[in-house]
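Residue-level structural notes
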Amino acid sequence: MKGKLYLIPTTLGDTEPLEVMPLSVKKVVEQLDYFIVENEKSARRFIKRITPTKSQPSLELMLLDKYSDDLETKNYLDACERGVSVGLLSEAGVPAVADPGASIVKLAHQKGIQVVPLVGPSSILLAIMASGMNGQSFAFNGYLPIDKSDRKRAIKDLEKLSKEKNQSQLFIETPYRNEKMLDDLRATLSPDTRVCVACDITLPTEYIKTLTVKEWKHVKTDLHKRPAIFIIHK
């Protein structure tokens, strides 16, 4: 019997793990000693918080980040081949969604290893849930271009696509550029286009608001260095 690959969500910020995810996540983490992680320090901190009695020295952590290539990670599931289950641990939220990990999940399918996704907070789904926009049709677009003219073009293209398909368009920005992003949306989109800003989701400082571009021009915000999801709908 091969081991399984568990996709383990983590918190979206400094909240108690069991406040935002089910007990089943804790039970799985307690059973595992092999983990594929984006950052060793934060992974160990999360594991300690959700299972305080687990032995840290016994953990085998394999690094997976945006710089990892298939040659480095091709042996990461060898434990599964030996019958030992492995956990793929997200840095924040759920693995393999706007987060490294899809290549490991693909490898698991190629090797005939069962993939088990666990329930936990996804900023993308939580944002669309709370936005009042189209939860039947939406698209996540990752980061928009940094270049000013390219970004303006991308924003207009997403607005056009939203109108044509009645589809909500989601994207993110590096947290220290959030305010600039909102300024660009105010300056580029049509006055009646709706914009949702959802930041610090699940945290005590959570801020989720949907307004038209015209209304956003009269709202003062403080989004600096706060993880945020932006959604537009024309």
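Up top you'll find the structure we're talking about.
Note that the structure is predicted; figures quoted are calculated from it, not measured. (Residues numbered from 1 in each chain as written. Predicted model: local features only at pLDDT ≥ 70, side-chain atom pairs only at ≥ 80, totals over all residues. Heavy atoms only, no water.)

**A word on the pattern of salt bridges**
Between side chains of opposite charge, pairing is possible as soon as their charged atoms come close. How we decide: By convention in these notes, a salt bridge is any Lys or Arg side-chain nitrogen within 4 Å of a carboxyl oxygen on Asp or Glu. Where helices and strands are cited, they refer to DSSP runs of H or I of at least four residues and of E of at least two residues respectively, numbered from the N terminus. Think of it in three bands: residues with accessible area under 20% of the maximum for their type are buried, residues over 50% are exposed, and the middle band is partly exposed, with areas taken using a 1.4 Å probe on protein chains only.
Summed over all chains, the structure comprises 16 salt bridges. Asp-192 serves as the salt-bridge partner of Lys-234, at 2.7 Å between the closest nitrogen and oxygen. Within this pair, whereas Lys-234 is found in the segment after β10 (228-233), its partner Asp-192 is found in the loop between α9 (178-188) and β8 (194-199), the two being separated by 42 residues in sequence. On the basis of relative accessibility, which here comes to 29%, the residue Lys-234 falls in the partly exposed class. Its relative accessible area of 52% is what places Asp-192 among the exposed residues. Several salt bridges converge on common partners, so that one network encompasses Arg-151, Glu-173, Arg-177, Lys-180 and Asp-184.

**Topic: the nonpolar core**
To be explicit about the condition: For the purposes of this section, nonpolar cores are sets of buried Ala, Val, Leu, Ile, Met, Phe, Trp, Tyr and Cys residues that join through side-chain atoms within 4.5 Å. In what follows, a contact means two residues having at least one pair of non-hydrogen atoms within 4.5 Å.
Of all hydrophobic cores here, the largest spans 18 residues; its most connected members are Phe-171, Leu-182, Leu-185, Leu-189, Val-195, Val-197 and Phe-230. Elements represented by at least two residues in this core include exactly α8 (148-165), α9, β8, α10 (213-216) and β10. Setting aside its immediate chain neighbours within four residues, Leu-189 contacts Ile-155, Glu-159, Val-195, Val-213 and Ile-232.

**Notes on the state of the cysteines**
Each disulfide consists of one covalent bond between the sulfur atoms belonging to two cysteines. Quick reminder of the rule: Only a pair of cysteine sulfur atoms within 2.5 Å qualifies as a disulfide here.
Inspection of the entire model under this criterion finds zero disulfides. Of the cysteine sulfurs around Cys-196, a residue in no disulfide, the closest is that of Cys-199, at 9.8 Å. According to the relative accessible area criterion, Cys-196 is buried, its value standing at 0%. Look at Cys-199 and you get buried, because its relative accessible area is 0%.

**Description of the pairing of strand β1 (residues 5-8)**
Convention followed: Think of it this way: DSSP has to see at least two bridges between two strands before they count as a pair.
Here β1 shows no split at all, with Leu-5 and Leu-7 on one side and Tyr-6 and Ile-8 on the other all buried. Pairing geometry for β1 and strand β4 (residues 86-89), over four bridges, is parallel. In the strand pairing of β4, Leu-7 is matched with Leu-88. Bridging between β1 and strand β5 (residues 115-117) involves three bridges; their strand directions are parallel. Its bridge partner being in β5, Leu-7 is matched across the sheet by Pro-117.

Honestly, that's just the spatial picture; any functional story needs more than this.
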